[in-house]
Each structure stands twice: as structure tokens, then as C-alpha cells.
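# Structure at a glance
Chain residues, written in single-letter form:
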Amino acid sequence: MLDGGDKMYLQCTKKMLDRMAKQNIELVPVDLCDDGADGFYSWHINYITINRRKAIVCMNNLTRYPIVLYRPKPKDIAQLEKTIKEAIRTAFRQEGVQEDVIEEYLCNCGNAMYSKTAGSSLVAYLNKICERINYYPEIFDEKPTIQSRLSFALSKEISKYDKEYKMPSEKLLQELCRMKGLPEKEWRQLIQMDYYQLLVRMVLEGHNIWCRIQIPSVFSFKQLHDVIQIVFDWFDCHLHEFLVPDGNYEIKGLDEFEIFELPIKTRIVDSNNFDFGDLDLVDYKEVYDYGIRISEVFEHTNRCYYIYDFGDCWIHEIIWEKTIHNCHDIHPILLDKEGSRPPENVGGEGGYEEYLRVISDPQSPDYEFMIKWSEITKADDETVEEINRRLKYFY
């Protein structure tokens, strides 16, 4: 277990130091910057321009966990230690870290001291984070300084630590275990977050195909997309989107295309859809799937719709069933499922009905071809346990 004390070093690039020049900050020599925890209480800090706006980018020395402060005010820079500690508190909450663990980390940081950057390796990692920020334009919130959603997204990008590949968020939890004197495998003791129980069913007349999942409320819609792809065993080879109606509409029993006539509140777009933003006359909000958490939708409505493959147009209705509080996990869970999805590229609902007709008739001239074709396009016959193993590995 690590002791508290003056261990926090804020190691600034020249641009950051130039911005703070009026404060007459005393710099600690780089070779004396030892926080006693391999850099866990120390952060590298850069001052950059994003979208013609100024931003402060912070990276933890040990875990490489990122924090972004967008359009910081002069008082935020004048009180940089206070600003960064509050950003750490906000980001750690986003990861589901318990309040007492967050406060212990900040207590161990003690009073911050300033220094120059330490070595080319850490600066290279910091520069990489600054570069990657440009890949998440839709995550930026214009109002808040602390960009917690951006930190959450960046912390899920794989990084190399010695010979292991991990997410910075995963490395953070492991080091918090070390701080608490716990084995790394006990990281669940540090987590406390809400889960949503969701029923995901295909809107396919005459067929009962659904699954019931539990998923962290902090997950993005991109992560929800990934979970749906895994539990239904889709191939993720087509574009997708989520539609949030302006009201709790249920389309069970309606024609599949009537969903597109519903009043839409939010359209959540596939990050690979490069036509995003081309519709100038829409009267609803559009955002990329990695830029919005599922809690931002299910706090206000109990259902939305997921459309996969704009050709075959497979519609999935997603219904919020309940919220489970104070969970000690970060992995999505499949509780139950029924039915198997149609084969990929079968040709929509009409093609699926024709496929079912052919495979039910061994005398059909297309029977053998259809059986062989479906072997590589239909879903695997996996158990709930097998799918949960895949979900745990994926996350």
C-alpha cells in the first residue's frame, strides 16, 4: 500500500509552461521527480489547439490514462492543480471507481509540484493522445471544460505496457488495486456503477428472436452496437444506426418501414458512415455512436431502435426494463436469448421467408445450395455461457 504525501508532479511541455509563465512557478529538476509510485501520481501536460480552440491534455505517467480540458478559462490555468484534480475525480467517476477510492488517490497525490517533461518516451505517448483526439470530433461538448466522455473513449484504446497490451482504463484499475493493497484480480471491489437491463428483439413478423442483456450505463452506443453484434452473432459487415423516437413509440406489428416515418429525436450514426452530416434540413440531433452514452438516452425514454444493414434493413427494438444499482463489474452480460437471426445478406424479410421455404423442402432444386450457403452466413449455435465468454474477452 502506498503512503500519502507530496507526490504529485505535473510535468509540463514548453507550451504549457509558456502559458503559465506569469505565475512564477518553481520547477523541480526532472531527475528529482519521484512520486514513490512509479509515476502513478504524476501527469504529463500539454497545451494544444483543437478546432481552433485551446485545450489542456493530461496523461498519467504510469497508466497513460488521458484527461482533456477544453477551452480552459484563465482561472483554470491559474489554479491548474485544483482544475486537474477535479478533472481526475470526474474521469474516475466515469470509469465507475468508488468515491472512497477516488478520494484516497487524490489524498495520496498531496500538493502538486511542477517540472518539465521527462524523456522522449512519455512525450511520444502524450503526443499520440493529442493526435488521437482529432478522431473523436463528435464527443466534444462545447460547454463543460472537463471532457469526461472523451477521456472515457480515449482510455479504451489499446496501449502497450512492457510486453502486455491493455487499455489505459484497465491499467488504471490495476494500479488502484495496488494502491489499496489488493491483488490486481480484485479490481471489481473498486467498481460501483449502474447497469441497464435491456431487451433487444428483432422486428420480424412471425418470428420470436430476442436477447436480454445487462450493460453498464456508461457504455457508448458504439459499445452497445458491439454487444448486439456479438449476442446475435451478426458479422458486423454493414453500416448501422440507432434511432431514438420523439416519444415512446412501439412498432411491434407495424410495417418495418414505418419506423422511418416516426418523429425522430436523435439519430445515432455509425462511425464508419462518412455521409454523416450531409442532411442539412433534419430537425433532429445527429451524433456518432461513440460520442453518446446509453444513459443519455435511457434516462429520458424506455426504448430506441437499432438498424443493421441498410440493404436487408434488420430492425431491432431495444427496450429498457430496469436499472441495477451498485454493480461491481464492467462487462456486459447476456442473461437469456431465443431464436436465431436470419443469415447475413439473405435479402431482407422477403429473402428470409424464401430461404426458410427452400430449406424446409429437400426436394427443392435450390435446397443443397441454400444449405451450403447458409453454413457460412447464419448464426453459430452458441450457448449463453459461450457468448458470455466472448463478451468478457471482448471487454
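Everything numeric in this text was worked out from a predicted model, so none of it was measured.

Scoring rules and cut-offs
- Residues numbered from 1 in each chain as written.
- Predicted model: local features only at pLDDT ≥ 70, side-chain atom pairs only at ≥ 80, totals over all residues.
- Heavy atoms only, no water.
- Buried < 20%, exposed > 50% of the residue type's maximum accessible area, 1.4 Å probe, protein only.
- Helix = DSSP H or I, 4+ residues; strand = E, 2+ residues; numbered from the N terminus.
- Pairing = 2+ DSSP bridges.
- Patch = residues over 30% accessible without salt bridge, like charges linked within 9 Å, V, L, I, M, F, W, Y side chains within 5 Å.
- Areas by Shrake-Rupley, 256 points an atom, 1.4 Å probe, with all protein chains shown as cover.
- Salt bridge = Lys/Arg side-chain N within 4 Å of Asp/Glu carboxyl O.
- Lys, Arg positive; Asp, Glu negative; His and termini not counted.
- Charge placed at Lys NZ, Arg CZ, Asp CG, Glu CD.
- Phe/Tyr/Trp six-rings, centres within 6.5 Å; stacked < 30°, edge-to-face > 60°.
- Lys NZ or Arg CZ within 6 Å of the ring centre and 35° of its normal.
- Contact = heavy atoms within 4.5 Å.
- Axes fitted to C-alpha atoms, helices over the stretch in contact; angles between N-to-C directions.

Once that is clear, we can look at the pairing of strand β9 (residues 193-202). Counted residue by residue, β9 has 9 buried out of 10 residues, so it is predominantly covered. Bridging between β9 and strand β10 (residues 210-216) involves 7 bridges; their strand directions are antiparallel. Bridging across to β10, L199 finds its partner in R212.

A contiguous patch of positive charge, built from K15, R19, K22 and K54, is present on the exposed surface. Its place among the elements puts K22 in the loop between α1 (14-19) and β2 (27-28). In this structure K22 comes out as exposed when scored by relative accessible area, which is 82%.

Summed over all chains, the structure comprises 23 salt bridges. E382 is the salt-bridge partner of R390, the closest N and O atoms lying 2.9 Å from each other. Judged by relative accessible area, E382 falls into the buried class, the value being 17%.

Here we come to the packing of aromatic side chains. The relative placement of two aromatic rings is captured by the distance of their centres and the angle of their planes. Applying the stated rule across the entire model yields 14 aromatic pairs. One aromatic cluster is present, built from ring pairs that chain together F40, Y41, Y65, F92 and Y105. Of note, R64 hangs over the ring of Y125, and the distance from its end group to the ring centre comes to 3.7 Å. We note R341 situated over the ring of F235; from NZ or CZ to the ring centre the distance is 5.1 Å.

Further remarks concern the sheet that holds strand β6 (residues 113-116). Spatially, the 6 strands line up as an open sheet ordered β2-β6-β1-β3-β4-β5, and their pairing is mixed. Both outer strands of the open sheet, β2 and β5 (66-70), are each paired with one neighbouring strand and no more. Where strand β3 (residues 43-50) lies against strand β4 (residues 53-60), 8 bridges are found, and the strand directions are antiparallel. When the sheet's bridge partners are listed, W43 is paired in β4 with N60. Sheet contacts for helix α3 (residues 80-94): β1 (9-12), β3, β4, β5 and β6; angle to β5, the most-contacted strand, approximately 120 degrees.

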